[in-house]
Every structure is written in structure tokens, then in C-alpha cells.
Amino acid sequence: DHRDLHSFPTRRSSDLGTVSLWSGYSLLHTVGNNYHHAQDLGSAGSCAKKFNTMPTTFCGSDQICRHASRNAKSYWLTTSAAMPTMAIKTEDVGQHISRCNVCEAPSTVLAVHSQTAEIPECPVGFKTMWMGYSFLAHTSEGADGGGQDMGSPGSCLEDFRATPFIECTGARGTCQFLDRRAHV
């Protein structure tokens, strides 16, 4: 459940008979040492309990692991807050990072896409939880990026925005919107 709110979401848990396990920040993608790792927005791993511009740990051949010590990047789902044109410091970025809630549900959740402007029907035996917009893929550094499993609820975003994510740089500890990125 990735939401466009400035506070943690709560309404879905009780409304749908689910149990909230934890709340956090919507992590979309990480890049480190030229390796890309995309998160499925429909999985619990995409909901980081704490925000950090570089939420990864690097372990070297010397068997020593260092947290947030490399020049890596992270990409986070955004809110509808106005996009600044300049880099944003970590302490000021909170209003731009989408919040999430990891919920335990009594049944399987899936997304159905119509590939038209019409809202598709749920399969027999399933109930509508929300309606939204298909989010297939994004690019990050260079020609790499990631995508969403189209059956995952993470591929159905409740709100449409032309720039659905923000890029954060670990070494500088800043985040910025880049309009040269392609999103589908």
C-alpha cells in the first residue's frame, strides 16, 4: 500500500480486514557499484522503515561492511508535492517521499490492467481494493532501470504523475527530480 500522504497511511488496514505490520518510505530502486536492483512496489521489501539517501550496505573483499559510504543512488516513489528545481537536502525531502504501509492480508492481492482507458473488472472471486494507473517501468542511471510485475499490486498506482520518483545520491545526501528520465 504505497500512498501519496505526508503522514503514514492507516485507513486501508481496518477497512479491508488487514493487519498493519509496519510503515515506512516507498523504495523503488537502488544503484551501487553500477549494479541496479529494482523493488516490486507490491512487496514488503519496498517499504523501508527508515529513509536514507543510500539505504544499502557494501561489503568489501576485506570482509568489512560499510553502510552508506559509497557514491550510490536510490530512487523513491514521490508524493504530489511541488517539484523543486534544485537539489533537496535530506532533512527537507520528507514531503516528497511517498509513505507506505506493509499489511498482512487474508488472501492474495493482484493487479489487473486493461491497456485501455477503461477500468478493468476483477476476476471472479476477487473484490476491488483500489483503482489506479498502470506503472510498468522506469529508467535510472544510464540505460538501466527496473520494472514492476504487472500482476503485483505495486504496478497499480492510485495517483498518476509524470515524474513518479525522485533520485537521491548517497555521497551528497541530497535528492532531486530529473526530467530527463523515461517512465512508462
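None of the values given here were measured: they were computed from a predicted structure.

> Would you explain the overall build of the protein chain in this entry?
The number of helices and strands found in the protein chain is 1 helix and 15 strands. Within the protein chain, buried positions represent 37% of all 184 residues. By sequence separation, contacts in the protein chain at least 24 residues apart represent 67% of the contacts at least 6 residues apart. Counting every atom, the protein chain has about 10500 Å² of accessible surface; 52% of that belongs to carbon and sulfur.

> Is there a simple way to explain the layout of surface pockets in this structure?
In this approach a probe as big as a water molecule rolls over the atoms, and the regions it shows empty are the leftover space. Space inside the largest pocket adds up to approximately 1100 Å³. A111, V112, W130, G132 and C156 are, among the 43 residues lining the largest pocket, the residues nearest its centre. Breaking the lining of the largest pocket down by element, the ones donating at least two residues are β10 (133–134) and β13 (156–157). A per-class count over the lining of the largest pocket returns 27 nonpolar, 12 polar and 4 charged.

> Honestly, the environment of H37 in this entry has me stumped. Any pointers?
Relative to the assigned elements, H37 resides in strand β3 (residues 35–38). In this structure H37 comes out as partly exposed when scored by relative accessible area, which is 45%. A polar contact of 3.5 Å, which involves the side chain of H37, links it to the side chain of Q39.

Definitions and cut-offs
- Residues numbered from 1 in each chain as written.
- Predicted model: local features only at pLDDT ≥ 70, side-chain atom pairs only at ≥ 80, totals over all residues.
- Heavy atoms only, no water.
- Helix = DSSP H or I, 4+ residues; strand = E, 2+ residues; numbered from the N terminus.
- Buried < 20%, exposed > 50% of the residue type's maximum accessible area, 1.4 Å probe, protein only.
- Contact = heavy atoms within 4.5 Å.
- Areas by Shrake-Rupley, 256 points an atom, 1.4 Å probe, with all protein chains shown as cover.
- 1 Å grid on protein atoms, 1.4 Å probe; cavity = no way out; pocket = protein on both sides within 12 Å on 5 of 7 lines; lining within 4 Å.
- Points joined across faces, edges and corners; volume = space filled by probe spheres on them.
- Nonpolar A, V, L, I, M, F, W, Y, C, P; charged D, E, K, R; others polar.
- Polar contact = N/O pair within 3.5 Å; in protein donor to acceptor, adjacent residues only side chain to side chain.

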